[in-house]
Amino acid sequence: MRVYNRDEVCGFRFVRAPWGAFSNFAPLAAPIAAGPWTFATSEHLYQAAKFGAAPAVQRRIAGAPTAREAAAIGRGTADGLDPDWNEQRVNAMRWVLRMKREVNAAEIDAALAATGERAIVEVSTRDAWWGAKPAGDSYRGANVLGRLWMELRRQLGDGDPASRAAAWTGRIRVGRLAGGR
């Protein structure tokens, strides 16, 4: 559990609010192409990555009209869910964020630069693992998504090759998404 002072962070929750570009539900200027599909949001891509052996589920997720609907499909079915998903989900999210950034580099790079060195926190009232929950004048939680954004910010600043999506595709099984097989 991490604790963040609410006044010292770049907290994101809503896509149209400040720092909304960091949300996986944020609409993208350019969709993400992965495998045989394009994905309107990074949430679409993340949910589809769960189903490397189930292209029919991936197709449904890719075609979902909103990020919320893509999430509902991905959370609502176990058919074809990668049995190792919990072990892969953080590296899969690393890959997804890099895919999002590479397709929408100007917007994402500007947002990352505007954060300076401040913590990036996904504010969530439900999920203290991917995000952090409001608690008085602070946010409390693991904030895994925010920490992945901060990791990417640091890697980009250092010129680290791990800031590229290609650095992660071999470390996770994303089925038809990575290889287009």
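Only a predicted model underlies this, so the values are computations on that prediction, with no experimental measurement involved.

1. Quick look at the environment of R75
For R75, the location among the structural elements is in helix 3 (residues 67–76). For the pair R75 and R94, spaced 19 residues apart in the sequence, the C-alpha separation amounts to 19 Å. Sequence-distant contacts of R75, that is, excluding residues within four places in its chain, are made with E43, Q47 and K50.

2. Brief notes about the sheet that holds strand 1 (residues 2–5)
Taken in spatial order, the 3 strands make up an open sheet running 1-7-6, and their pairing is antiparallel. What marks the edges here is a single partner per strand, and that holds for strand 1 and strand 6 (133–135). Strand-to-strand twist of the sheet, defined as the mean angle between neighbouring strand axes without regard to direction, takes the value 30°.

3. Observations regarding helix 1 (residues 42–49)
For helix 1, the tally of buried residues reaches 8 of 8 residues, placing the bulk of the element in the interior. The opening residue of helix 1 is T41, an N-cap whose side-chain oxygen sits 3.3 Å from the backbone nitrogen of E43.

So, how was this worked out
Each chain has its residues counted from 1, following the order in which its sequence is written. The predicted nature of this model means local features are confined to residues of pLDDT at least 70 and side-chain atom pairs, given and counted, to a pLDDT of 80 or more, with totals for whole chains, interfaces and linings taken over all residues. Just so you know, side-chain values use all the structure's heavy atoms and leave hydrogens and water out. Secondary structure follows DSSP: runs of H or I at least 4 residues long count as helices, runs of E at least 2 residues long count as strands, and numbering of each begins at the N terminus. By the convention used here, residues are in contact when the closest approach between their heavy atoms is within 4.5 Å. Strands are labelled as partners when DSSP assigns at least two bridges between them. Note on geometry: axes are lines fitted to C-alpha atoms, helical ones only across the stretch in contact, with angles between N-to-C directions running from 0 to 180 degrees. Burial classification: accessible surface area is computed with a 1.4 Å probe over protein chains only, and a residue below 20% of its type maximum counts as buried, one above 50% as exposed, and the rest as partly exposed. In protein, a polar contact requires one atom able to donate a hydrogen and another able to accept it; more generally it is a pair of N or O atoms within 3.5 Å, and residues adjacent in sequence count only if both atoms are side-chain atoms.

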